[in-house]
Amino acid sequence: MVKEQSLDNLWLAQALFDLNGVQFGNFTVSESAVSSPVFVNPKVLISNPLALRVASKLMQQEISLAQSLRRPRVHPFNVVAGVPVGGLLLATAYSLETNTPLIYARIRPEGTGQRGIEGRYTPGDTALIIDDLITRGGSVLETAALLEEHGLKVKDVIVLIDREHGATERLRQHGYNLISILKLDVMLNHYMSRGLISEETYRVCSEYLQSKRAELRQP
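1. Some words on the confidence of the model for the protein chain
Taken residue by residue, the protein chain gives an average pLDDT of 91. The fraction at 70 or more is 93%. Here residues 1-5 scores under 50 on pLDDT; set against residues more than four positions off or in separate chains, the count is six contacts.

Structure below.
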């Protein structure tokens, strides 16, 4: 069983670091195709069943809280849909944890499988989209478009990590609400406070995030 004290986003940030899922150097972020001093790979969580379960429980906790507010921040949903590949892994864990039906949105043909949706659903159902990492939100928007093509409704998206590259606003412009468990700056602050990264690494990464925020403020 997962101990309650493990249900903490900083515990998860530490687990990612310990699994070598956070690296520092010079990387190209796939969606934005720009140089980044930090690389995050949440898929490594599958190597630690405890961490994977904590991730799903944190998502469940966040969703339950958002739905319990006087003005709920998350709409009711019938199914969960994972964004391949990392989001599908998390969505599977969430489905098992909450007993929520799972569907798989296949954006592109794979082998004998055509573009479409695997799993049972009813047109008019509302799907919660789950992803492991979001940069600008392109993959999420592709998934949402496919779901809507097949008669599903999409209102909310939950991700494990937001790289803070403007996905929140971009998704809002398309009518979707984004919720994240961890933000990159929170992770960096944690690693710095624990002495896991140098002051220089922290400075470079912080300046990188500040530059991305400045870009978002530009008209």
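So much for the structure itself; the text now carries on.
2. Considerations on the nonpolar core
One finds L12, L16, L45, I130, I158, L160 and M187 to be the most contacted residues of the largest nonpolar core, which totals 40 residues. With eight residues, helix α2 (residues 49-68) is the largest single contributor of residues to this core. Excluding its chain neighbours within four sequence positions, the residues that come into contact with I158 are M59, E62, I63, L128, I129, I130, D131, I179 and I181. I134, L152, Y176 and L178 belong to the second-largest nonpolar core, a separate cluster that totals 23 residues.

3. Some details on unusual backbone geometry
Peptide bonds are mostly trans, and most non-glycine residues show a negative phi. With an omega dihedral of 0 degrees, the bond running from P84 to V85 counts as a cis peptide bond. Checked against the element boundaries, V85 lands in the loop between β3 (79-82) and α3 (86-98). Backbone geometry at N99 places phi at a positive 60 degrees, although glycine is not the residue there. Judged by relative accessible area, N99 falls into the exposed class, the value being 71%.

4. Looking at the environment of N9
Within the secondary structure, N9 sits in helix α1 (residues 9-18). Here N9 falls in the partly exposed class, since its relative accessible area comes to 26%. Ignoring anything within four residues of it in the chain, the contact list for N9 reads L58, I181 and L182.

5. Observations concerning the sheet that holds strand β4 (residues 102-106)
If you trace the six strands from one edge of the open sheet to the other, you get β5-β4-β3-β6-β7-β8, paired in mixed fashion. Both edges of this open sheet fall to β5 (116-118) and β8 (177-183), since each of them pairs with a single strand only. Neighbour-to-neighbour, the strand axes of this sheet turn through a mean angle of 25 degrees, independent of strand direction. In this structure, β3 lies alongside strand β6 (residues 126-134), joined through four bridges in parallel fashion. The residue of β6 that forms the bridge with A81 is I129. Against the sheet, α2 engages β6, β7 (153-162) and β8, with an angle of about 135 degrees to β8. Against the sheet, helix α6 (residues 184-193) contacts β7 and β8, and its axis sits at roughly 10 degrees relative to β8.

Scoring rules and cut-offs
Residues numbered from 1 in each chain as written. Predicted model: local features only at pLDDT ≥ 70, side-chain atom pairs only at ≥ 80, totals over all residues. Heavy atoms only, no water. pLDDT = per-residue confidence, 0-100. Contact = heavy atoms within 4.5 Å. Core = buried A, V, L, I, M, F, W, Y, C linked by side-chain atoms within 4.5 Å. Buried < 20%, exposed > 50% of the residue type's maximum accessible area, 1.4 Å probe, protein only. Helix = DSSP H or I, 4+ residues; strand = E, 2+ residues; numbered from the N terminus. Pairing = 2+ DSSP bridges. Axes fitted to C-alpha atoms, helices over the stretch in contact; angles between N-to-C directions.

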